[in-house]
Number of protein chains: 2
Amino acid sequence: MNNGKVVVLSGPSGGGKGTVVKALLELMPEMALSVSATTRQPRAGEVDGREYHFIAKEDFENMIANGEVLEYTSYCDNYYGTPKKPAVEATEQGRDFFLEIEVDGALQIKKRYPEAVLIMLIPPSLSELESRLRQRGTESEEVIAKRLKRAAEEIEFAEKYDYIVVNETGKIEECAERIRSIISAEKNRYCAMKETADNFTSR
Amino acid sequence: MNNGKVVVLSGPSGGGKGTVVKALLELMPEMALSVSATTRQPRAGEVDGREYHFIAKEDFENMIANGEVLEYTSYCDNYYGTPKKPAVEATEQGRDFFLEIEVDGALQIKKRYPEAVLIMLIPPSLSELESRLRQRGTESEEVIAKRLKRAAEEIEFAEKYDYIVVNETGKIEECAERIRSIISAEKNRYCAMKETADNFTSR
C-alpha cells in the first residue's frame, strides 16, 4: 500500500485558506488534519486537541530535543509547532496528513522531508486581496496595510513551493479540486511509485 | 492564460493504453491528440491525417533538418515521428497536446522540452500482463514471449518518466482520472505558475 502524503498549505491571510480547506475536507474526508501544539494558555472557548494541543514549555522543549516536532517557531515567549507523531501515524496508515502553516514552518518541513508537498494558495492579485480585506469591514487601515505588506513578502517564497494555486473569487470548489488533483498526482510521481516499478518483473 | 501541456503516454503493449486514452478523452474532450507522420505507404482502410499523416521521404527529411519534428525514429527504411506544428498550435491555444508514443520517442521529447509531462502506464505485474495477452487468444506463444520481454525492457525506463500509473484490471475510469489529475496538477506546479506569482504584486 502507498503511504499517505504530507501536504502543507500556506498563503496570505485573507486569501481564503479556511474556506478552501473546508471544501477540500468534504472532497477528501479521510484526510488527517494537523493540530498544532503550543505552550501558550488556552483562550476562552478553545478546546485542547481542537484548536491546539496545549502543553507545558518543558514538554515542548523535550519534543524539540527528541526530534518530535516537524517544525516549530517561538512567538511572544511561547512555542508553536507541529507534533511529528500524528503525521507518522496517519501516513503509515495510508492517510494523507494536511497542515495549514506559515511559510517558515513549511520550509522547515520541506528541508527535513523533501517528499512533503508544499502548496501556496494565493489570491488573484494584491489589489483583489485588498478589496477582500476591505469588504470584511472589520479591519482598520493599519491592519489592512500590514497584511498586504506581509502577503507580498510571503509570495516572495512561492519559488520554494511545489505548487501555486490561485483562489479565484467565487471558485472555492474548483480550487479545492485543484488541490485534490495535486495530492492525487503526487502519489503517481515516479519517486512515489519506484518500488512498484522496480518490483514489476518479480510479480 | 496558461499554455496547454504536452503530455506523453507510454507503456507496454497489452497494458491497456488504447482503452485508457479513450476514457481520458471522454473526461478531457478539449485535449488535442497527436497524429504521427510516416513515410510508409498507407494500408487498406488507413486515412491520411487519421492513423498517420502520410508524407514523402524527402519532406520528412526536410522536417527533421528544420527542427519541425518533436521526435522521430526510422524502422524498416521508413520514418515515423511527431510533427511539431500541431503541438505548438494546440498548447499556444491553451489546449493540452497528448501523444501516445514509445519510450525512445518520449525521451527525445523530454530532452528537448523538459516541461513535457511523461507518464508511463503499466499493468499491475508481468504475470498479469501475460494473462491479459493470453486471454486475447490471438497471439502465438512466440509473440507473447516477445511482448513480455519487451515490456520488462520498457519498464526499465520508468525512472526517466515523471509519473507511473498502474492500470489495475477493471479500473479504466480510475486510471483515466489519475491521468487527468496529473495533467491538472502539472498546471499548478511552481514552474508553470511562476509568471502568476511574479506578477502578484503588480496586479
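Below, the structure is looked at part by part. (Residues numbered from 1 in each chain as written. Chains lettered and ligands numbered in written order. Predicted model: local features only at pLDDT ≥ 70, side-chain atom pairs only at ≥ 80, totals over all residues. Heavy atoms only, no water.)

With that out of the way, let us pick up the sheet that holds strand β7 (residues 97-100) of chain B. The strands making up a sheet are joined through hydrogen bonds of the backbone, oriented either antiparallel or parallel. Residues and elements named next belong to chain B. With parallel pairing, the 5 strands of this open sheet are ordered in space as β2-β7-β1-β8-β9. The strands lining the two open edges of the sheet, one partner per strand, are β2 (32-33) and β9 (163-166). When strand β8 (residues 117-122) meets β9, the two strands line up parallel, connected through 4 bridges. Bridging across to β9, Met120 finds its partner in Ile164. Across the sheet, helix α1 (residues 17-27) lies against β1 (6-10), β2, β7 and β8, angled at about 170° from β7, the strand it touches most. (Pairing = 2+ DSSP bridges. Helix = DSSP H or I, 4+ residues; strand = E, 2+ residues; numbered from the N terminus. Contact = heavy atoms within 4.5 Å. Axes fitted to C-alpha atoms, helices over the stretch in contact; angles between N-to-C directions.)

The next point concerns the sheet that holds strand β1 (residues 6-10) of chain A. Residues and elements named next belong to chain A. In space, the 5 strands of this open sheet follow the order β2-β7-β1-β8-β9, with parallel pairing throughout. Only two strands of the sheet have a single partner each, and these edge strands are β2 (32-33) and β9 (163-166). Alignment of β1 against strand β8 (residues 117-122), held across 4 bridges, turns out to be parallel. Paired with Val7 across the strands is Val117, a residue of β8. The sheet strands contacting helix α7 (residues 172-186) are β1, β8 and β9, and the helix crosses β9 at an angle near 160°.

What follows is about the relation of the copies chain B and chain A. Take chain B, turn it by 180°, move it 0.0 Å along the axis, and it overlays chain A with an RMSD of 0.0 Å. Accordingly, the operation relating the two chain copies is best matched by a two-fold axis. For chain B, the minimum C-alpha distance to the rotation axis belongs to Ser181(B) and amounts to 2.2 Å. When the interface residues of chain B are mapped onto chain A, 100% of them again lie at the interface, so the same face is used by both copies. (Least-squares fit on C-alpha atoms with pLDDT ≥ 70 in both.)

At the junction of the two partners, chain B supplies 31 residues and chain A supplies 31 residues. Taken over both partners, the interface formed by chain B and chain A buries close to 2900 Å², and the fraction arising from carbon and sulfur atoms is 64%. For chain B, the biggest contributors to the area lost against chain A are Asn188(B), Tyr190(B) and Phe200(B); these three give 24% of the whole. Linking chain B with chain A are 2 salt bridges, by the criterion used here. Between Arg189(A) and Glu186(B) there is a salt bridge; the shortest N-O distance is 3.7 Å. Within the residue set of the side of chain B that touches chain A, elements represented by two or more residues are α5 (126-136), α6 (141-155), β9, α7 (172-186) and α8 (190-198) of chain B. (Buried area = accessible area lost by both parts, 1.4 Å probe. Salt bridge = Lys/Arg side-chain N within 4 Å of Asp/Glu carboxyl O.)

Further remarks concern the pairing of strand β5 (residues 69-75) of chain A. The two faces of the sheet receive side chains in turn, since in a regular strand these alternate between them. Residue and element names in this part refer to chain A. As judged from the 6 bridges shared by β5 and strand β6 (residues 78-83), these two strands associate in the antiparallel manner. The partner of Glu71 across the bridge, within β6, is Thr82. Turn length for the β5-β6 hairpin, with the two strands adjacent in sequence and antiparallel, is 2 residues, and the turn residue Cys76 shows positive phi of about 50°.

On to the pattern of salt bridges, then. Residue and element names in this part refer to chain A. What the rule picks out here adds up to 32 salt bridges over all chains. A salt bridge links Glu130 to Arg134; the nearest nitrogen and oxygen atoms lie 2.7 Å apart. Of this pair, Glu130 and Arg134 both sit in helix α5 (residues 126-136), 4 residues apart, roughly one helical turn. In this structure, the salt-bridge partner of Lys194 is Asp198, at a minimum N-O distance of 2.7 Å.

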